[in-house]
Amino acid sequence: IRMRISELGRDLDKLERSRSLHRQARSRDGLPVVAVVGYTNAGKSTLMQALTGADLLVADQVFATLDPTTRGMELPDGRRLLLTDTVGFIQKLPTELVAAFRATLEEVTEASVVLHVLDASHSAVREHFEATNLILDQLRAMDKPLLLALNKRDLVDPGVLERMMRVQDWSPYREIVAVSALTGEGLDGLRLALQRLTEVGLVRMELTLPYSDGGIEAEVRRRGRVLGRRYAEEGLVLLAEVPSDQARRFERYLTPG
């Protein structure tokens, strides 16, 4: 048993180093990262699959997701972000397990936004909500922009769902959306909520791109959004909004004056 524990510890160390390199690469790429969290079997992987079109492991079992899975998705305004799946939480998650799952839980601490997926049809929905928040609090992630997705709305009576949206105290979540990862209901609203939470800190810039640098417009669109474009003698002029921490990349293309 001690040998097996030692082997698993080494595997986790390798996984942690690997995930650290992936996080550094994503940081350089400059795309917002959304950590998808929730009580086990809340439907996180199914929701990620619905949002990104990626084929992910979907299993009705505890801790089905140990190695974090990251996939890209496009927002309604054309910007892109990264969704990262995490281990399903349980009530009273032991401190030892929090340490063991640090490779997946660190995705939460590094994320720009936390998307909490909650099974709205479960009889213990409130307990699951509080259990997940407790772990988020342990990770010091409750001060991040928080989005709550009440999943499996297709299994909830419309009147009950309306009361949940109106009456329940979901503080401190900034956005609350009722969705069904299975049927697709509410996914457009969820995409818009993600768009609102990730557009904080956008800087408006007018850029003049030489016609010889055709790939720059695609990079601007991937990192931000283009509000307008016109052709000029000097090159393609774009009115764009990009995240403030990415603005330096495009400063050399700023339109003079």
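Computed from a predicted model, the values in this text were never measured in an experiment. Residue positions are counted from 1 within each chain, in the order its sequence is given. Confidence filtering applies because this is a predicted model: local features only for residues at pLDDT of at least 70, side-chain atom pairs given and counted only at 80 or more, and all residues used for totals across whole chains, interfaces and linings. The basis for every side-chain value is the complete set of non-hydrogen atoms in the structure, without hydrogens or water.

Quick look at the sheet that holds strand β1 (residues 33-38)
So, step 1. We treat two strands as partners when DSSP finds at least two bridges between them. Strands are runs of DSSP state E lasting at least 2 residues, helices are runs of H or I lasting at least 4, and numbering of each runs from the N terminus. Taken in spatial order, the 6 strands make up an open sheet running β2-β3-β1-β4-β5-β6, and their pairing is mixed. Two strands bound the open sheet, and with one partner strand each, they are β2 (70-74) and β6 (175-178). The sheet shows a mean angle of 25 degrees between the axes of neighbouring strands, direction not considered.
So, step 2. Across 5 bridges, β2 lies against strand β3 (residues 80-85) in antiparallel orientation. Counterpart to Met73 in the pairing with β3 is Leu81.
So, step 3. The strands touched by helix α2 (residues 44-52) are β1, β2, β3, β4 (113-119) and β5 (146-151); relative to β3, the strand with the most contacts, the crossing angle is about 160 degrees. Fitted lines through C-alpha atoms serve as axes, helices being fitted only where they are in contact, and the angles separating the N-to-C directions of these axes extend from 0 to 180 degrees. Pairs of residues are marked as contacts when any of their non-hydrogen atoms sit within 4.5 Å.

Thoughts on the packing of aromatic side chains
So, step 1. Between 30 and 60 degrees the pair is tilted, below 30 it is stacked and above 60 it is edge-to-face, where a pair is any two Phe, Tyr or Trp rings, Trp via its six-membered ring, whose centres lie within 6.5 Å. Taken as a whole and assessed by the stated rule, the structure comprises 3 aromatic pairs.
So, step 2. Ring centres 5.6 Å apart and planes at 45 degrees place the aromatic pair Phe129 and Tyr173 in the tilted group. Of the two residues, Phe129 sits in helix α5 (residues 125-138) while Tyr173 sits in the loop between α6 (158-167) and β6, which places them 44 residues apart along the sequence. Of the two residues, Phe129 and Tyr173, neither departs from the other in class, the shared state being buried.
So, step 3. On the basis of an interplanar angle of 20 degrees and a centroid distance of 6.4 Å, the ring pair of Tyr211 and Tyr231 is categorised as stacked. Highlighted residues: Tyr211 in the loop between β7 (202-209) and α8 (215-223) and Tyr231 in strand β8 (residues 225-231), separated in sequence by 20 residues.
So, step 4. Among the aromatic residues, ring-to-ring pairing joins Phe129, Trp170 and Tyr173 into one connected group. For each residue, the accessible area found with a 1.4 Å probe, counting protein chains only, is set against the maximum for its type, and the residue is called buried under 20%, exposed over 50%, and partly exposed in between.

What to know about the pairing of β8
So, step 1. Relative to strand β9 (residues 236-243), β8 runs antiparallel, the two sharing 6 bridges. Opposite Arg230, over in β9, you have Val237 as the bridge partner.

Some remarks on the sheet that holds β8
So, step 1. Taken in spatial order, the 3 strands line up as β7-β9-β8 in an open sheet, and their pairing is antiparallel. Strands with a single pairing partner mark the edges of an open sheet, and in this sheet they are β7 and β8. Neighbour to neighbour, the strand axes of the sheet diverge by 20 degrees on average, direction disregarded.
So, step 2. Here 8 bridges tie β7 to β9, and the two strands are oriented antiparallel to one another. Bridge assignment links Val203 to a residue of β9, and that residue is Val242.

A closer look at the pairing of β4
So, step 1. For β4, the buried fraction is high: 7 of the 7 residues fall into the buried class.
So, step 2. Alternating positions in β4 separate into two faces, Val113, Leu115, Val117 and Asp119 on one and Val114, His116 and Leu118 on the other, with burial throughout.
So, step 3. Summarising the sheet, β1 and β4 pair through 5 bridges and their orientation is parallel. Bridge pairing in β4 links Val36 to Leu115.
So, step 4. Sheet topology note: the β4/β5 ladder contains 6 bridges and is parallel. For Leu115, the partnering residue across the bridge sits in β5 and is Leu147.
So, step 5. The handedness rule is simple: strands pointing away from the viewer, and a clockwise path from the first strand over the helix to the second, make the crossover right-handed. With α5 bridging β4 and its parallel neighbour β5, the resulting β-α-β unit is right-handed.

Let's talk about the nonpolar core
So, step 1. Ranked by size, the top nonpolar core spans 26 residues in total, and within it Val108, Leu118, Leu136, Leu148, Leu150 and Trp170 carry the most contacts.
So, step 2. Only β1, α4 (102-110), β4, α5, β5 and α6 provide two or more residues apiece to this core.
So, step 3. No other element matches α5, which puts 4 residues into this core.
So, step 4. Those residues in contact with Leu148 that lie beyond four places of it in its chain are His116, Leu118, Phe129, Trp170, Tyr173, Glu175, Ile176 and Val177.
So, step 5. What makes a nonpolar core is a set of buried Ala, Val, Leu, Ile, Met, Phe, Trp, Tyr and Cys residues whose side-chain atoms join them at distances within 4.5 Å. With 23 residues, the next largest nonpolar core counts Met73, Leu147, Val177 and Leu197 among its residues.

What to know about the side chain of Gln195
So, step 1. Turning to its location among the elements, Gln195 is positioned in helix α7 (residues 187-198).
So, step 2. By relative accessible area, Gln195 is classed as buried at 13%.
So, step 3. Look past the residues within four positions of Gln195 in its chain and what remains in contact with it is Leu75, Pro76, Asp77, Arg79 and Arg225.

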